[in-house]
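Topology and contacts: notes
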Amino acid sequence: VLAIRKKRTKSYTPRPQLAPFLDYLFANHHVMIWSSGMPANVESIMSRMLSPERQQKLVAIWSRDKLRLPAHLFAEKVQVYKQLSWIWDDPALQLNAPLGGWSQRDTVLIDDSIDKAAAEPYNLIEVDEYTGIPAQNDNMTLLHVIAYLEHIRWYENVSAEMRSAPFVVPKP
């Protein structure tokens, strides 16, 4: 969602509007990175994408090793799922949670695959896949996500609001 990594390299191309998106997130929300990428790749990109101060502010960085894949499928291209209940039930993450802990009422997953959020579809902000092609240079999706997050952040139950008013990128 945030960037595309060039295959077999350590370089990445950030998604358009990434800087203001990250500024907004870190100023207004608890932020966790959860990627289906390999741990070394995710760590490498995050260490270059986020300042040390922002890395310190992260709730956590999870990668492919947290997707509960069987060992024989870990390196395979298979459909993966990000069950938010794994976050809500993780004792280490709950230590840094606000009073009452993380839950369905206050957690949002931003991903480009509805399938990955099958267990909690009303906690998903589904965005378009970023591929880094020139046609996406003017992509404003992350700015629309900021506006949507600003809307739902005031609700006691973000999942209920997301169910009744799902995220939609406005037509140009």
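Bear in mind that the values here come from a model prediction, so they are computed numbers and not experimental data.

When the charged atoms of two side chains with opposite charge come close together, those side chains can pair. Enumeration according to the criterion identifies 6 salt bridges in this entry. Between D128 and R15 there is a salt bridge, with its nearest N and O atoms 2.5 Å apart. Taken together, the residues span a long stretch of sequence, with D128 in the loop between β6 (124–126) and α6 (141–152) and R15 in the loop between β2 (12–14) and α1 (18–28) at a distance of 113 residues. The partner of R153 in a salt bridge is E150, with the nearest N and O atoms 3.1 Å apart. For E150, a relative accessible area of 29% translates into the label partly exposed.

Attention now goes to the environment of F21. When you line up the elements, F21 lands in helix α1. With relative accessibility at 1%, the residue F21 sits in the buried group. Taking the C-alpha atoms as reference, F21 lies 27 Å from R8; in sequence the two are 13 residues apart. Setting aside chain neighbours within four positions, we find F21 in contact with L2, I110, L142, V145, I146 and L149.

Turning our eyes to something else, we now look at a positive patch on the surface. A grouping of R5, K7, R8 and K77 is seen on the molecular surface, where their side chains present a positively charged patch. For R5, the location among the structural elements is in strand β1 (residues 3–5). When its relative accessible area of 32% is taken as the criterion, R5 is described as partly exposed.

Attention now moves to helix α2 (residues 39–49). Along α2, the residues that are buried comprise V42, S44, I45, M46 and M49. On its buried side, α2 packs onto β1, β2, α1, β3 (32–34), α3 (52–57) and β4 (60–62).

A full pass over the atoms with the stated rule returns 3 aromatic pairs. Aromatic side chains W34 and W62 sit 5.1 Å apart centroid to centroid with 90 degrees between the ring planes, which places their arrangement in the edge-to-face category. Taken as a pair, W34 in strand β3 and W62 in strand β4 lie far apart in primary sequence, 28 residues in all. Of the two residues, W34 and W62, neither departs from the other in class, the shared state being buried. Joined through ring pairs, the aromatic side chains of W34, W62 and W86 make up one cluster.

What counts, and at which threshold
Residues numbered from 1 in each chain as written. Predicted model: local features only at pLDDT ≥ 70, side-chain atom pairs only at ≥ 80, totals over all residues. Heavy atoms only, no water. Salt bridge = Lys/Arg side-chain N within 4 Å of Asp/Glu carboxyl O. Helix = DSSP H or I, 4+ residues; strand = E, 2+ residues; numbered from the N terminus. Buried < 20%, exposed > 50% of the residue type's maximum accessible area, 1.4 Å probe, protein only. Contact = heavy atoms within 4.5 Å. Patch = residues over 30% accessible without salt bridge, like charges linked within 9 Å, V, L, I, M, F, W, Y side chains within 5 Å. Areas by Shrake-Rupley, 256 points an atom, 1.4 Å probe, with all protein chains shown as cover. Lys, Arg positive; Asp, Glu negative; His and termini not counted. Charge placed at Lys NZ, Arg CZ, Asp CG, Glu CD. Phe/Tyr/Trp six-rings, centres within 6.5 Å; stacked < 30°, edge-to-face > 60°.

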